[in-house]
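Fold and geometry: a report
Okay, here's what each chain looks like letter by letter:
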Amino acid sequence: QVQLVESGGGLVQPGGSLRLSCVASGSIGSIYTMGWYRQAPGNQRELVASIGNSGNTNYADSGKGRFTISRGNAKNTIYLQMNNLKSEDTAVYYCNLKRSLVTFWGQGTQVTVSS
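A few points on the structure. (Residues numbered from 1 in each chain as written. Predicted model: local features only at pLDDT ≥ 70, side-chain atom pairs only at ≥ 80, totals over all residues. Heavy atoms only, no water.)

Turning our attention to the pattern of salt bridges. Close approach of charged atoms allows side chains with opposite charge to pair. Taken as a whole and assessed by the stated rule, the structure comprises four salt bridges. Across the pair glutamate 46 and arginine 38 runs a salt bridge whose closest N-O atoms are separated by 2.8 Å. A salt bridge links arginine 66 to aspartate 89; the nearest nitrogen and oxygen atoms lie 2.7 Å apart. Remark: aspartate 89 occurs in the loop between strand 8 (77-82) and strand 9 (91-99) and arginine 66 occurs in the loop between strand 6 (57-59) and strand 7 (67-71); sequence separation between them is 23 residues. Taken as a pair, arginine 66 and aspartate 89 share a single burial class, namely buried. The network of salt bridges with common partners includes Arg38, Glu46, Arg66 and Asp89. (Salt bridge = Lys/Arg side-chain N within 4 Å of Asp/Glu carboxyl O. Helix = DSSP H or I, 4+ residues; strand = E, 2+ residues; numbered from the N terminus. Buried < 20%, exposed > 50% of the residue type's maximum accessible area, 1.4 Å probe, protein only.)

Given below as structure tokens:
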């Protein structure tokens with residue numbers, strides 16, 4: 001089993017920044033992709049950004065130029081640096097790990113962008 005623990009969410013003003021962290025533990029294996037998804041009330045869960053085993057990254061258009069996904073030195077940790085946040089970024093942000101055909105999710109962390 002795999003456990004994902006997110007942290008770093010909170011309340012921030014428009015134009016501000018936040019850094020989310022996710023630590024994976026358990027039977028991770030050595031080949032997997034990790035990423036961040038978000039879900040706003042009434043909306044479907046959507047991809048924000050992902051990072052593969054080789055460090056290749058993928059971003060949704062909504063975050064390009066503002067968000068950066070990265071891995072820690074311990075590859076079981078990923079970060080999402082979010083800059084110039086907008087009210088439409090308000091959502092619960094979920095960490096995700098995909099290994100073969102199995103997907104694991106964290107419990108989510110709330111990000112609220114409001115003045």
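With that settled, the discussion passes to the state of the cysteines. Put plainly, two cysteines are in a disulfide when a covalent bond ties their sulfur atoms together. Taken as a whole and judged by the stated rule, the model has one disulfide. The partner cysteine of cysteine 22 in its disulfide is cysteine 95, sulfur to sulfur 2.0 Å. Linking cysteine 22 and cysteine 95, the disulfide has an S-S dihedral of approximately -85° and is accordingly described as left-handed. Of the two residues, cysteine 22 is situated in strand 3 (residues 18-26) and cysteine 95 in strand 9; the sequence distance between them amounts to 73 residues. A relative accessible area of 0% places cysteine 22 in the buried class. (Disulfide = S-S within 2.5 Å.)

Attention now moves to the environment of asparagine 43. Note that asparagine 43 resides in the loop between strand 4 (33-39) and strand 5 (46-51). Under the relative-accessibility criterion, asparagine 43 is labelled partly exposed at 46%. On a C-alpha basis, the gap between asparagine 43 and alanine 91 in space is 9.5 Å, while along the polypeptide they are 48 residues apart.

One open sheet holds the four strands; their spatial order is 1-3-8-7, and the pairing between them is antiparallel. At either end of the open sheet lies a strand with only one pairing partner, and these are strand 1 (2-7) and strand 7. On average, adjacent strands in this sheet sit at an angle of 15° to one another, irrespective of strand direction. With six bridges connecting them, strand 1 and strand 3 associate as antiparallel partners. Looking across to strand 3, one finds that glutamine 3 is bridged to serine 25. (Pairing = 2+ DSSP bridges. Axes fitted to C-alpha atoms, helices over the stretch in contact; angles between N-to-C directions.)

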